[in-house]
Amino acid sequence: MSTHRPVLSVIGTGYLGATHAAGLAELGFEVIGLDRDPSRIDSLSRGIVPFHEPGLAEMLQGHVASGRLRFTTEVADVAHAQVHFVCVGTPQGADGSADLSQVIGAVEALVPLLRLDSLVVGKSTVPVGTAAALRSRIEEISAPGVTVELAWNPEFLREGHAVEDTLAPNRIVLGVPGPRAEALLREVYAEAIAAGVPVVVTDLPTAELIKQAANSFLATKISFVNAMAEVCEASGADVTALADALGHDERIGRRFLDSGLGFGGGCLPKDLRALVARAEQLGCGKSVAFLRDVDAINLRRRDRVLAMAQREVGAFDGVRIAVLGASFKPGSDDVRDSPAVDVMNRLRRAGARVTAYDPAAVLTGRAAAPGVRFAANPLVACRKADLVLHLTEWPEFRALDPEEVGQAVRRRVLIDARNALDVDAWTAAGWAVRAPGRHLAAPARAGSLV
Ligand code: UDX
């Protein structure tokens, strides 16, 4: 069977592309990854993953060593593949809309070189309507007599779970122009499909829209619970009990109801804004106007945590603040649109002396938060702190001993901005604990408070 399998290319070897390329090799395909960045290609060719993603380096190394997975900076080297996955970035442009220049550039560089009937598969997240425009462009630039089809196959991988999400996704969406493209993609994903992963076969615009709709829905769910946190704060109610009770209703579900500092990262904020921008272009801006509130509620969480911090310390100038967590979520070293980094930078600008600890986001955190010191462990970060802020809920922070941390700090005051720590344990060790959306009791022994 393997002799008839199509050769695959992956264009753009960032987070999505590198994982997808390694995943396709794991499924038994011959894969060539293309990127214009020579240093990235060099490290991937040596089996080095330039970001934190559990399990990916092992998978990459195995397939680079076997020769099934290769990387190149030359577009001509991928022209013999029959299926080309486009995984380049679609960053947010100045007006909130997606910048499609990398997608268009990749297609324009590749398609004129194709001499075999081929399938180009978009995986990048794009605004609805992009594929239709790309399809016309492909027709214009493809070589005479060569049929190049375009499909859209959005990716739903979560950072920190990218390997499992690639090999065992919760659904496969195939936006296809016809049966040939569908058959080829079903061959690529045969293993997952045989294992029972649901497949949604649809047209190109629907496939494009599904991705932005999914991320906008997740963002809405988080902002819903954070809006409830605001009401809890005003009314004396408790958002964590509220979320647990809502979550017991299967129609609602408990996941993505963790209230706190809100969402960040390379996807949710960007996709939400890009959907609003595209809907406005399409004349249906009103239909998604509520997503602007979703964004605004999310950004208010950062203000809220800063206000809580200020209430604890008075003015920030010269105050020592320890920050636990810098990445936008646990399990990742990604600090793109990280709420934790935003809070740190604003504390610094207000004159605070900030020392942070993150299990992974040290290099990325240093680059994104200049002036913040990064410590080698949480206890060092907390040394002589007037206030401890828990901003990213890494599991190891839940394992901290409140008494041991208490010995390190100057004042036992903690803001659990992620509502993830064992408040009773911290309170019992004499900490004053504050948390957004909650009204917490005073510590059992407040002696160590100034
Ligand atoms: C997201 C989607 O989940 C994924 O399907 C898509 O392909 C890419 O975007 P990711 O950005 O990796 O994945 O992170 P995700 O786990 O969705 O978390 C996004 C943000 O929401 C993080 O900042 C996280 O801390 C925050 N979050 C999540 C909450 O604030 N509360 C929650 O209950 C859940």
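All figures in this text were calculated on a predicted structure; none of them were measured in a lab. Within each chain, residue numbers correspond to sequence positions counted from 1 in written order. Totals for whole chains, interfaces and linings use every residue, but because this is a predicted model, local features are given only for residues with pLDDT of at least 70 and side-chain atom pairs only at 80 or more, for both listing and counting. As a rule here, side-chain values come from all non-hydrogen atoms in the structure, and water together with hydrogens is ignored.

Side note on the overall build of the protein chain
So, point 1. Secondary structure elements are defined from DSSP: runs of H or I of at least 4 residues count as helices, runs of E of at least 2 residues count as strands, and each element is numbered from the N terminus. In terms of regular secondary structure, the protein chain is built from 18 helices and 14 strands.
So, point 2. A globule of 450 residues ought to have a C-alpha radius of gyration of about 22 Å, and the protein chain, at 24 Å, matches this closely.
So, point 3. A burial count over the protein chain gives 54% of its 450 residues as buried.
So, point 4. Any two residues whose heavy atoms approach within 4.5 Å at even a single point are treated as in contact. The long-range fraction of contacts in the protein chain, counting pairs at least 24 apart against all pairs at least 6 apart in sequence, stands at 71%.
So, point 5. To measure how exposed things are, a 1.4 Å probe is used in the Shrake-Rupley method; for residues, cover is taken only from the protein chains shown. Summed over its atoms, the accessible surface of the protein chain is roughly 18900 Å², and 54% of this surface lies on carbon and sulfur atoms.
So, point 6. For the purpose of charge, His is not counted, nor are the chain termini; Lys and Arg are scored as positive and Asp and Glu as negative. We put the charge of a Lys on NZ, of an Arg on CZ, of an Asp on CG and of a Glu on CD. The average position of the 48 basic charges and that of the 53 acidic charges among the side chains of the protein chain differ by 5 Å. For a compact globule the rule gives 2.2 Å times the number of residues to the power 0.38, and the radius of gyration it is set against comes from C-alpha atoms. The buried label applies to any residue whose accessible area, calculated with a 1.4 Å probe on protein chains only, is under 20% of its type's maximum; exposed applies above 50%, and partly exposed to all values in between.

Here's the deal with the side chain of E53
So, point 1. Summarising the element assignment, E53 is placed in the loop between α2 (38-45) and α3 (56-66).
So, point 2. When a carboxyl oxygen of Asp or Glu lies within 4 Å of a side-chain nitrogen of Lys or Arg, that pair is called a salt bridge. Despite its burial, E53 pairs with no opposite charge; the closest candidate is K329, at 7.3 Å N-O.

Concerning the site of the ligand
So, point 1. The ligand sits among 20 residues. The nearest are F156, L157, E159, D258 and F328.
So, point 2. L157 is positioned with one of its backbone polar atoms (N or O) 3.0 Å from an oxygen atom of the ligand.
So, point 3. A 3.5 Å cut-off defines polar contacts: any pair of N or O atoms within that distance qualifies, except that in protein one atom must be a possible hydrogen donor and the other a possible acceptor, and neighbouring residues in sequence count only when both atoms are side-chain atoms. In this structure, an oxygen atom belonging to the ligand sits 2.7 Å away from a main-chain N or O atom of E159.
So, point 4. For the shell around the ligand, the element with the most residues is helix α9 (residues 204-235), which contributes four residues.
So, point 5. Of the residues in the shell around the ligand, the class split is ten nonpolar, three polar and seven charged. Distances are taken per atom, and a residue is near a molecule or strand as soon as one of its heavy atoms is within 4 Å of it. Nonpolar residues are Ala, Val, Leu, Ile, Met, Phe, Trp, Tyr, Cys and Pro. Charged residues are Asp, Glu, Lys and Arg, and all others, Gly as well, are polar.

Remarks on the pattern of salt bridges
So, point 1. Summed over all chains, the structure comprises 30 salt bridges.
So, point 2. One salt bridge in this structure joins E30 and R70, with 3.7 Å as the shortest N-O distance. Of this pair, E30 sits in the loop between α1 (15-26) and β2 (31-34) while R70 sits in strand β3 (residues 69-72), placing them 40 residues apart in sequence.
So, point 3. A relative accessible area of 39% means that R70 is categorised as partly exposed.
So, point 4. The partner of D244 in a salt bridge is R254, and the shortest N-O contact between them spans 2.8 Å. Placement of D244 in helix α10 (residues 239-247) and of R254 in the loop between α10 and α11 (268-281) is noted, with a sequence separation of ten residues between them.
So, point 5. By relative accessible area, D244 is classed as partly exposed at 38%.

A look at the environment of V343
So, point 1. Looking at where V343 falls in the secondary structure, it is placed in helix α13 (residues 339-349).
So, point 2. A residue is classified by how much of its surface remains accessible, and V343, at 0% relative accessible area, is buried.
So, point 3. When the C-alpha positions of V343 and L414 are compared, they lie 15 Å apart, and in sequence the two are 71 residues distant.
So, point 4. Excluding residues within four positions of it along the chain, V343 makes contact with L261, R302, L306, L389 and L391.

Regarding the domain arrangement of the protein chain
So, point 1. Bear in mind that the domain bounds are from an automatic or database domain assignment. As far as domains go, the protein chain holds domain 1 (8-202), domain 2 (211-296) and domain 3 (301-434).
So, point 2. Taking only C-alpha atoms, the centre of domain 2 and the centre of domain 3 are 24 Å apart.
So, point 3. At the interface, 16 residues of domain 2 touch 14 residues of domain 3.
So, point 4. Two parts placed together each lose some accessible area; with a 1.4 Å probe, that loss summed over both constitutes the buried area. Together domain 2 and domain 3 conceal approximately 1200 Å² of surface at their shared face, both sides included; 48% is due to carbon and sulfur atoms.
So, point 5. Three residues stand out in domain 2 for area buried against domain 3, namely E233, L261 and G265, and they jointly supply 46% of the buried area on that side.
So, point 6. Between the two partners, domain 2 and domain 3, sit three salt bridges.
So, point 7. Here domain 2 is connected to domain 3 by seven residue pairs in polar contact (both at pLDDT 80 or more).

Points about the packing of α9 against α10
Between two packed helices, the angle of one axis relative to the other and the distance separating the axes together describe the packing.
So, point 1. In this description, a line fitted to the C-alpha atoms serves as the axis of each element, helices being fitted only across the stretch in contact, and the angle between N-to-C directions of two axes falls anywhere from 0 to 180 degrees. Here α9 crosses α10 at 135°, and the two axes come no closer than 9 Å. The angle between the axes of α9 and α10 places the two elements in the oblique class. Every pair of crossing elements has a handedness; the one defined by α9 and α10 is right-handed. Listed contacts from α10 to F224, V225, M228, A229 and C232 of α9 are V239, L242, A243 and L246.
So, point 2. Here the contact of α9 with α10 is composed, by residue class, of nine nonpolar, no polar and no charged. Roughly parallel refers to an angle under 35 degrees, roughly antiparallel to one over 145, roughly perpendicular to one between 65 and 115, and oblique to any angle outside these ranges. Handedness of a helix crossing follows the sense of rotation of the near helix relative to the far helix, less than a right angle counterclockwise being left-handed and clockwise being right-handed.

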